[in-house]
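Now for the letters of each chain:
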Amino acid sequence: PPFWVVIPAAGIGSRMRADRPKQYLQLAGRTILEHTLDCFLDHPRLKGLVLSLAADDPFWPALPCATDPRIQRVEGGAERADSVLAGLLRLVELGAQEGDWVLVHDAARPNLARSDLDRLLAELADDPVGGLLAVPARDTLKRIGADGRVAETVDRSLIWQAYTPQMFRFAALHRALADALVAGVAVTDEASALEWVGQAPRLVEGRADNLKITRPEDLEWLRQRWAHKH
Ligand code: C5P
């Protein structure tokens, strides 16, 4: 199906301990954000793409793609949900309709395979709710207790990691995020907002290497991988 994309990129990424937000760190000769945008920009069914940036972001204007007319920019907010909502408002101006599909994808996930994106679109095309790419937990999982000791072992067959893109209908996503924000509920991804209003998003198994760059070693791993690939 045709789809819109919102990329929240207004976060600070403090866990990277870098001199700039992580999406502006270098990977294979360009910034992480440029690679992320490339995952979508030439897709034949893309209707439009909105990028949510921090108000005073000094790094974006320096990129070659800053003047790309296919990329609409909006100012993000304090929480991820604010940044995504700002993107959705711009989509209204671009002509998005209530039932249109919107994909939300982390700026710091540059290694999304086209095959994963297309499988998400195909598997959810007729779904009443929508869903997200996710990966089954691989390791044995422990709940941590006092003094860094194991409190219990969790049944890993029931645990998946939430990845992005996350794919929902425009109106449902907008309403769920707005309600969650008003209620002060912490939503760290879009699916949590849908869950909070009683929906059950579908999990579509994706590749584990569509990782979110969070810590320095994540970026190091991807740099080495891409050095072999290119
Ligand atoms: O911090 P974390 O890695 O969970 O952020 C996920 C994504 O949400 C990042 O792309 C980040 O830039 C974005 N974000 C945002 N606005 C915020 C906080 C995070 O756009 N206020």
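Data block above holds the structure.
A brief look at the structure comes next. Remember, it's a predicted structure, so these values are computed and weren't measured experimentally. (Residues numbered from 1 in each chain as written. Predicted model: local features only at pLDDT ≥ 70, side-chain atom pairs only at ≥ 80, totals over all residues. Heavy atoms only, no water.)

**Looking at the site of the ligand**
Item 1. Around the ligand, the structure places 14 residues, and the nearest of them are Pro 8, Ala 10, Lys 22, Gly 77 and Ser 83.
Item 2. Within the backbone of Ala 10, a nitrogen or oxygen atom sits 2.8 Å from an oxygen atom of the ligand.
Item 3. Look at the ligand: alone it shows 460 Å² of surface, and the protein chains cover 83% of it.
Item 4. Among the secondary structure elements, those contributing two or more residues to the shell around the ligand are β1 (3-9) and α2 (80-94).
Item 5. For the shell around the ligand, a count of residues per class yields five nonpolar, three polar and six charged. (Near = heavy atom within 4 Å. Polar contact = N/O pair within 3.5 Å; in protein donor to acceptor, adjacent residues only side chain to side chain. Areas by Shrake-Rupley, 256 points an atom, 1.4 Å probe, with all protein chains shown as cover. Helix = DSSP H or I, 4+ residues; strand = E, 2+ residues; numbered from the N terminus. Nonpolar A, V, L, I, M, F, W, Y, C, P; charged D, E, K, R; others polar.)

**Remarks on helix α3 (residues 114-124)**
Item 1. Those residues of α3 that fall on the buried side of the exposure criterion are Asp 116, Leu 117, Leu 120, Leu 121 and Leu 124. For α3, the buried positions fall inside an angular range of 135 degrees around the axis, keeping them on one side. (Buried < 20%, exposed > 50% of the residue type's maximum accessible area, 1.4 Å probe, protein only. Arc of directions from axis to C-beta.)

**Things to note about the packing of aromatic side chains**
Item 1. On inspection of all chains with the given rule, the structure shows one aromatic pair.
Item 2. Taking the centre distance of 5.3 Å and the plane angle of 35 degrees together, the rings of Tyr 24 and Phe 59 count as tilted. Within this pair, whereas Tyr 24 is found in the loop between β1 and β2 (26-27), its partner Phe 59 is found in the loop between β4 (46-53) and β5 (71-75), the two being separated by 35 residues in sequence.
Item 3. In this arrangement the basic side chain of Arg 109 is found over the ring face of Tyr 163, its NZ or CZ atom lying 4.6 Å from the centre.
Item 4. In this structure, Arg 169 packs its charged tip against the face of Trp 101, placed 3.9 Å from the ring centre. (Phe/Tyr/Trp six-rings, centres within 6.5 Å; stacked < 30°, edge-to-face > 60°. Lys NZ or Arg CZ within 6 Å of the ring centre and 35° of its normal.)

**Examining the sheet that holds strand β6 (residues 101-104)**
Item 1. On the basis of which strands lie adjacent, the open sheet formed by seven strands has the order β5-β4-β1-β6-β10-β7-β11 and mixed pairing. Here the strands that pair on one side only, and so sit at the sheet edges, are β5 and β11 (202-205). When strand polarity is set aside, the average angle formed by the axes of neighbouring strands in this sheet is 30 degrees.
Item 2. Bridge analysis of strand β7 (residues 130-136) against β11 gives four bridges, and the strand direction is parallel. Pairing of Ala 134 across the sheet is with Glu 205, part of β11.
Item 3. The strands touched by α2 within the sheet are β1, β4, β5, β6 and β10 (160-169), with β1 carrying the most contacts at an inclination of about 145 degrees. (Pairing = 2+ DSSP bridges. Axes fitted to C-alpha atoms, helices over the stretch in contact; angles between N-to-C directions. Contact = heavy atoms within 4.5 Å.)

**Remarks on the packing of α2 against helix α4 (residues 170-183)**
Item 1. Look at α2 against α4: their axes get within 10 Å of each other, and the N-to-C directions meet at 140 degrees. Viewed along their axes, α2 and α4 adopt a mutual orientation that is oblique. Our pair here, α2 against α4, has a crossing hand that is left-handed. Across from Ala 81, Asp 82, Val 84, Leu 85, Leu 88, Leu 89, Leu 91 and Val 92 in α2, the residues of α4 making contact are Phe 170, Leu 173, His 174, Leu 177, Ala 178 and Leu 181.
Item 2. Partitioned by chemical class, the residues of the contact of α2 with α4 number twelve nonpolar, one polar and one charged. (Parallel < 35°, antiparallel > 145°, perpendicular 65-115°, else oblique. Left-handed = near helix turned anticlockwise from the far one by under 90°.)

**Comments concerning the pattern of salt bridges**
Item 1. With the rule as written, the count across this model stands at 17 salt bridges.
Item 2. The salt bridge involving Asp 68 is made with Arg 70; its shortest N-O contact spans 2.8 Å.
Item 3. Note on Asp 68: relative accessible area 16%, which makes it buried.
Item 4. One salt bridge in this structure joins Arg 143 and Glu 152, with 2.7 Å as the shortest N-O distance.
Item 5. Taking the relative accessible area as the measure of exposure, Arg 143 reaches 46% and is therefore partly exposed.
Item 6. Glu 152 sits in the partly exposed class, given a relative accessible area of 36%.
Item 7. Salt bridges sharing partners connect three or more residues here, namely Arg 80, Asp 106, Arg 109 and Glu 190. (Salt bridge = Lys/Arg side-chain N within 4 Å of Asp/Glu carboxyl O.)

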